[in-house]
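Coordinates in review
Here is how the chains run, residue by residue.
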Amino acid sequence: LNIFLLHKQFFHLWSPRQSQTWLSRSPVSSVRFYSQGANHGDDLEDGERLPSQPADTASAERQRKSPFLELLESCGSPSDVLDLTGNYSPTARQVSHCLTHMWATTKKMTDEQRRYELQLMFEHPAFDQLLQRAMKTLVHIRDEDVTYSLLSMVNLGVPQRSRVVQTFLRTCQEKLNDFDEKSLSILASSLEQMEDGANVRALKEGMRLVVEARLPGIKNVMALQTMMRLLGNDAPKDLKWKLEKKALSMTDHFSLPNAQYMISTMATMGFFSKPLLDVCSKKITENIHGIPFNRIFKLLQSCRELRYRDVHLLTSISDYVASSLDIWTNKQLLLFLSVFENLIFCPAALMDAYADKVIANPDVLTLKDLLCVLKVYSSLSYDLQDRRQQFLDSLSRVLISYLPKISAFELLKAVYCLCLLGHFPYAPLEQLLQSSVLEKLAGSKFPKSQERMFQTMDVCLRVDHPPLPQPLTVPASVLGDPTPSTPSVNPRLLLDLQSLLEDQVHMMLQEGVMVENLYFIAYKSFSLFPRIAVMYAPQSGFCYGTSNPRGPLAVKIRHLKILGYNSVLVTEQDLQSVSEEARIDFLRERIFPQHHRPETQPDEKEHLRS
């Protein structure tokens, strides 16, 4: 096993000027370290791994009765611990306890308080003495304490290139083959937070070899997950598959936190394993009640990063949050809605519950909240049915209250979302279309995204034709190129439609039709009323797990209906992995639902084959 051993020439112990920064830019020289002794490689075998060195019984008893540890537990800040070490001389193990407790005291502090306390720590005269003692006693402490001390120093912000951190790194390299899985797990947590460098990379590579060799013998799920996170995205594919196989063999022992952490671990690794994700999802779904916000939100973010969507999991989260609405802050609810929208999943129960909350008290919405709500509900095109108008009126009143201070771009986004929802409050529309506001948006040229929003508003005003106190039109200057691009039609769909309609003398098929200079229809039938518009729609145009169109696609269908068309949507999934006969039957059912006959009529099927 080849790893880097740090040169014995180090910087100052921790360098006061580097307090709360990671490391200086000066390089640390390194030499190649080769393992010595015939038994060194043997330590990698499962049966010959050295366990952590246990403290003898008398020593453990002394530790339990030590007044020092009792006093340590009462310390509430790093400075309190340093004051204690100035009055007592801690033993080798107690030094490790001190560092760990110093870190622990900062975890519940606010960011501002933590920064202040860490600054006091770095300025405390006993801090340098404690780190000196940590280095001197390093050879006398257990492997687990070595790694805990390193992790504590990293979390406290001791610079990575300081002498004390480099000494601990060197010791970890020397002892790596002797570390048990708990010590490896703690070391992995440290390395995960450290800046990249030659020696950190070497230690990670050494850990990769050790983990791969010991993988069959790992028994602790959390230790496995920590090592997986350390190996990260750079782990070779064959090692990722080995890790997946090992994790799947341990699923019977997964706790609820294990299942949650495994999904975020896979996101960190950039590794998609559907069998493992499905197992974790099932575990979480069965125990969703009581999981705190941070863990649920992290879970949803990880699912988004992995592009993994399980309908049962997402529905259970939506139902749980909706059923316990009062325990969540408004900010938390909006974060839930936003991440669901990013997953293109419509959380129906939560959408209903939050709409009721808005209707009951719309004035609690900040402008940022309002823009988030408009974006989510317009993107997912959720039908609130009999509460729709009341909900939209509530949002409009809030928007109007912010008109004196809203920016031009925020107003554009808000009005665009309301147009998607088919709602047209006059005051925001009128203010947006004022020349002074339009000038603020883009000067001489509008970005394409803004042009698309204005184009949608324009067609909404023309096709929806809302009853406004005064007619409003979108100026041509903000609409961009009036000639929209014409996408190509799907040749398989064309052939299937031609086969379906070849015996329909009362119908004609027209390919590639542009409606209202904005909506492209792949195929249109006429000599039939209502006219039928067949559109090839991407899967992203639907809420996941449903056939419900969303966003611009939903608006397109709404407008085509006003213009006298019945829309027939066809996706790539509808055309894949099925026979021509099945595809034609699918189209017949969509286009002629009233004439669709059971498949038990052989004469019709024979006619369609001809």
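Naming follows an unreviewed UniProt entry, where the protein chain appears as RAP domain-containing protein of Astatotilapia calliptera. Recorded in UniProt under Subcellular location (unreviewed entry), the annotation for the protein chain is "Mitochondrion".

1. Some points on the overall build of the protein chain
Helices and strands together make up the secondary structure of the protein chain, namely 29 helices and 6 strands. Expressed as a percentage of its 610 residues, the buried residues of the protein chain come to 51%.

2. Looking at the packing of helix α21 (residues 408-420) against helix α23 (residues 435-442)
The contact between α21 and α23 brings their axes to 8 Å, and the two run at 105°. Classified by the angle between their axes, α21 and α23 sit roughly perpendicular to one another. In this structure, α21 uses A408, F409 and L412 to contact α23, whose residues at the interface are V437, K440 and L441. Of the residues contributing to the contact of α21 with α23, the split by class is 5 nonpolar, no polar and 1 charged.

3. Observations concerning the pattern of salt bridges
The final tally for this structure, using the stated rule, is 21 salt bridges. D458 is the salt-bridge partner of R462, the closest N and O atoms lying 3.1 Å from each other. Within this pair, R462 and its partner D458 are both found in helix α24 (residues 448-463), separated by 4 residues, close to a single helical turn. Classification of R462 by relative accessible area gives partly exposed; the value is 42%.

4. Points about the packing of aromatic side chains
How two aromatic rings sit relative to each other is set out by the distance from centre to centre and by the angle between their planes. All chains considered together, the criterion is met by 10 aromatic pairs. Each ring, one from F293 and one from F297, has its centre 5.5 Å from the other, and the planes form 15°; the classification is stacked. On the criterion of helical spacing, the pair formed by F293 and F297 is a turn pair, its members being 4 residues apart in helix α15 (residues 293-306). Here F293 and F297 have matching classes, each one buried.

5. Looking at the nonpolar core
Residues F391, F454 and M457 are the most contacted members of the largest nonpolar core, which totals 157 residues. The dominant element in this core, judged by the number of residues it contributes, is α21, at 10 residues. L493, L500, M507 and V570 belong to the second-largest nonpolar core, a separate cluster that totals 15 residues.

6. Digging into the packing of α24 against helix α26 (residues 551-562)
Where α24 meets α26, the axes come as close as 11 Å, and the angle between the chain directions of the two elements is 30°. Classed by the angle they form, the pair α24 and α26 counts as roughly parallel. Judged by the twist between their axes, the crossing of α24 over α26 is left-handed. On the side of α24, the interface is formed by V459, C460 and V463, while α26 contributes V555, R558, H559 and I562. Across the contact of α24 with α26, the residue classes tally to 5 nonpolar, 1 polar and 1 charged.

7. Quick notes on the layout of surface pockets
For the second largest pocket, the calculated volume is near 460 Å³. L380, S381, Y382, D383 and A554 are the residues nearest the centre of the second largest pocket, which is lined by 22 residues in total. Among the elements of the structure, α19 (367-380), α20 (388-401) and α26 are those that each provide at least two residues to the lining of the second largest pocket. When residues of the lining of the second largest pocket are assigned to their parent elements, the largest contribution, 5 residues, is made by α26.

Criteria and cut-off values
Residues numbered from 1 in each chain as written. Predicted model: local features only at pLDDT ≥ 70, side-chain atom pairs only at ≥ 80, totals over all residues. Heavy atoms only, no water. UniProt positions renumbered as here; feature names shortened; annotations may be inferred. Helix = DSSP H or I, 4+ residues; strand = E, 2+ residues; numbered from the N terminus. Buried < 20%, exposed > 50% of the residue type's maximum accessible area, 1.4 Å probe, protein only. Axes fitted to C-alpha atoms, helices over the stretch in contact; angles between N-to-C directions. Parallel < 35°, antiparallel > 145°, perpendicular 65-115°, else oblique. Contact = heavy atoms within 4.5 Å. Nonpolar A, V, L, I, M, F, W, Y, C, P; charged D, E, K, R; others polar. Salt bridge = Lys/Arg side-chain N within 4 Å of Asp/Glu carboxyl O. Phe/Tyr/Trp six-rings, centres within 6.5 Å; stacked < 30°, edge-to-face > 60°. Core = buried A, V, L, I, M, F, W, Y, C linked by side-chain atoms within 4.5 Å. Left-handed = near helix turned anticlockwise from the far one by under 90°. 1 Å grid on protein atoms, 1.4 Å probe; cavity = no way out; pocket = protein on both sides within 12 Å on 5 of 7 lines; lining within 4 Å. Points joined across faces, edges and corners; volume = space filled by probe spheres on them.

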